[in-house]
Amino acid sequence: MNILVTGAKGFVGKNLIAELKNRGYNEIYECDIETTDEELEEYTKKCEFVFHLAGVNRPEKEEEFMKGNFGFTSTLLEKLKKNENKSPVLISSSIQAKLDNPYGKSKKAGEDLMFTYGKENGAKVLVYRLPNVFGKWCRPNYNSVIATFCNNIARDLEIKINDPNVVMNLVYIDDVVEEFISALEGKEHIEENFCYVPTVYTITLGEIANLIKSFKQSRKDLMLPNMQDEFSKKLYSTYLSYIPEEEFCYPLKMNIDNRGSFTEMFKTLERGQISVNISKPGIVKGNHWHNTKNEKFIVVSGKAAIRFRKIDSDKVIEYITSGDKIEVVDIPCGYTHNIENIGDTDLVTIMWANEIFNPDKPDTYFMEV
């Protein structure tokens with residue numbers, strides 16, 4: 001299928017084209033501000049589906065709204081009509097088309113033009129009134145509050161919030177792209193003539209800012225976001241795409257002594273914490289037990305003997321494990337346990353605990369295995 005995408009270098013366009021290619025759609029005509037009239041003429045002859053994403057959000061002059069959002073739509077449709085091309089046309093409009101402002105009026109004019117074109121030419125038209133869209137590759141300090149907040153918070157720059165209680169309706173870029181490709185395949189969501197993205201998130205501006213600030217803080221307190229919450233998960237993915245390239249890597253605190261080291265990696269309120277333990281040859285660590293806390297040990301490098309003894313028994317249970325065969329060893333409650341490096345290289349063990357370590361209630365009691 002030959003697919004024409006206008007606004008190809010924009011936020012939605014780049015994400016859509018990348019996913020279309022992921023799915024094997026390779027005949028894509030990418031139209032942007034640099035596309036010549038001759039090229040557009042050729043594209044509108046050959047295309048079999050049109051994603052019309054081009055538009056103006058922040059022009060220097062008010063009249064440019066109508067020129068960019070109505071004028072180019074008119075040009076595109078005229079070329080399709082001239083070339084007798086009745087391909088389906090999907091246009092990305094905005095919920096602001098309901099508002100009486102220059103941007104909203106220009107979007108409404110583009111919608112009306114699209115509906116008229118569909119009726120007069122028998123072409124399928126799909127008009128999406130999108131709320132605020134967020135995700136990777138969106139331009140900060142332009143027309144997306146989330147892009148601006150992510151960019152500025154990641155760089156310790158000021159963000160301005162006039163009213164933290166303002167409610168935002170948001171759609172995530174991947175959900176938008178998924179819906180657009182569904183529309184390409186004839187499976188669009190539509191109601192009262194307008195198409196829509198089914199997954200919309202409603203949240204206040206203040207809550208968004210606080211979440212993004214917590215993402216930045218997570219590099220220090222190691223607390224990962226709640227990935228069970230779909231919005232938090234998607235917002236966190238968005239935030240990471242705005243981190244300065246020179247800051248992709250960040251240090252962890254290694255607790256080092258003559259036995260090796262112990263480093264906490266990640267913490268979660270719902271799933272406990274993950275740490276990495278390094279032991280030198282011959283070193284034994286542990287010799288303690290827990291009432292409720294449970295752990296999982298995974299040796300990823302070196303060779304270890306992991307030993308258990310039920311606190312009211314003399315029977316010692318031993319497991320030999322190494323990085324040559326990755327296994328999980330469960331550490332049950334009520335068993336004192338230790339781990340010994342029985343190899344001749346450093347022993348590296350990933351350790352998961354079902355709860356974050358609380359120094360005021362460690363639930364850890366010394367007892368030799």
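Here, residues in each chain are numbered from 1, in the same order as that chain's written sequence. The model is predicted, so local features are restricted to residues of pLDDT at least 70 and side-chain atom pairs to those at 80 or more, both for listing and for counting; the totals for chains, interfaces and linings are taken over all residues. To obtain the side-chain values, all non-hydrogen atoms of the structure were included, while hydrogens and water were left out.

Caption draft 1: Representation of the nonpolar core within the structure. To qualify as a nonpolar core, a set must consist of buried Ala, Val, Leu, Ile, Met, Phe, Trp, Tyr and Cys residues joined through side-chain atoms within 4.5 Å. Relative accessibility thresholds used throughout: buried, under 20% of the residue-type maximum; exposed, over 50%; partly exposed, between the two (1.4 Å probe, protein chains only). Membership of the largest hydrophobic core comes to 53 residues, with the highest contact counts inside it found for Leu-20, Phe-51, Leu-90, Phe-180, Ile-208 and Phe-231. The element contributing the most residues to this core is helix H6 (residues 173–184), with 7 residues. Contacts of Leu-90, omitting those with residues within four sequence positions, involve Phe-49, Val-50, Phe-51, His-52, Leu-53, Leu-126, Tyr-128, Phe-180 and Ala-183. Counting 17 residues, the second-largest nonpolar core is a separate cluster that includes Tyr-29, Leu-76, Met-114 and Val-125. Only runs of H or I of at least four residues qualify as helices and only runs of E of at least two qualify as strands under DSSP, and these elements are numbered from the N terminus. Residues count as neighbours in contact if any of their non-hydrogen atoms are within 4.5 Å of one another.

Caption draft 2: Structural view of the sheet that holds strand E11 (residues 254–257). Each pair of strands is called paired provided DSSP finds at least two bridges between the two strands. As summarised here, the arrangement of the 6 strands in space is E11-E12-E13-E20-E15-E18, forming an open sheet in which the pairing is antiparallel. Both outer strands of the open sheet, E11 and strand E18 (329–331), are each paired with one neighbouring strand and no more. Neighbour-to-neighbour, the strand axes of this sheet turn through a mean angle of 20°, independent of strand direction. With 6 bridges joining them, strand E15 (residues 295–301) and strand E20 (residues 347–353) adopt antiparallel strand pairing. The axes are straight lines fitted to the C-alpha atoms, using for helices just the contacting stretch, and the angles between their N-to-C directions are given from 0 to 180°.

Caption draft 3: Structural detail: the packing of aromatic side chains. Pairing of aromatic rings covers Phe, Tyr and Trp, the last through its six-membered ring, and needs centres within 6.5 Å; plane angles under 30 degrees mean stacked, over 60 mean edge-to-face, and all others mean tilted. The tally for this structure, following the rule as stated, stands at 12 aromatic pairs. Measuring from centroid to centroid gives 5.0 Å for Tyr-29 and Tyr-43, while their planes differ by 5°, and the two rings are stacked. A residue pair is termed long-range when its members are at least 10 positions apart, and Tyr-29 in strand E2 (residues 28–31) and Tyr-43 in helix H2 (residues 37–46) qualify at 14 residues. Assessed through its relative accessible area of 15%, Tyr-29 is described here as buried. Among the residues examined, Tyr-43 registers a relative accessible area of 16% and is labelled buried. For the pair Phe-134 and Tyr-172, a centre-to-centre distance of 5.1 Å together with 45° between the ring planes defines the contact as tilted. Of this pair, Phe-134 sits in strand E6 (residues 132–134) while Tyr-172 sits in strand E7 (residues 167–172), and the two are 38 residues apart along the sequence. Residue Tyr-172 is classed as buried on the basis of its relative accessible area, which comes to 11%. In this structure an aromatic cluster arises from ring pairing among Phe-49, Phe-51, Tyr-128 and Phe-180. Directly above the ring of Trp-137 sits Lys-136, whose terminal nitrogen or CZ lies 4.8 Å from the centroid. Working rule: Lys NZ or Arg CZ, within 6 Å of ring centre, within 35 degrees of ring normal, means a charge sits over the ring. The ring of Tyr-142 carries Arg-139 above its face, with NZ or CZ at 4.1 Å from the centroid.

Caption draft 4: Focus on the sheet that holds strand E19 (residues 335–341). Read from one edge to the other, the open sheet built from 5 strands follows the order E17-E16-E19-E14-E21, with strand pairing classed as antiparallel. Only two strands of the sheet have a single neighbouring strand rather than two, namely strand E17 (316–322) and strand E21 (365–366).

Caption draft 5: Main features of the environment of Ile-159. With respect to the secondary-structure elements, Ile-159 resides in the loop between helix H5 (145–154) and E7. Assessed through its relative accessible area of 17%, Ile-159 is described here as buried. On a C-alpha basis, the gap between Ile-159 and Glu-246 in space is 22 Å, while along the polypeptide they are 87 residues apart.

The analysis is restricted to geometry; functional conclusions fall outside its scope.
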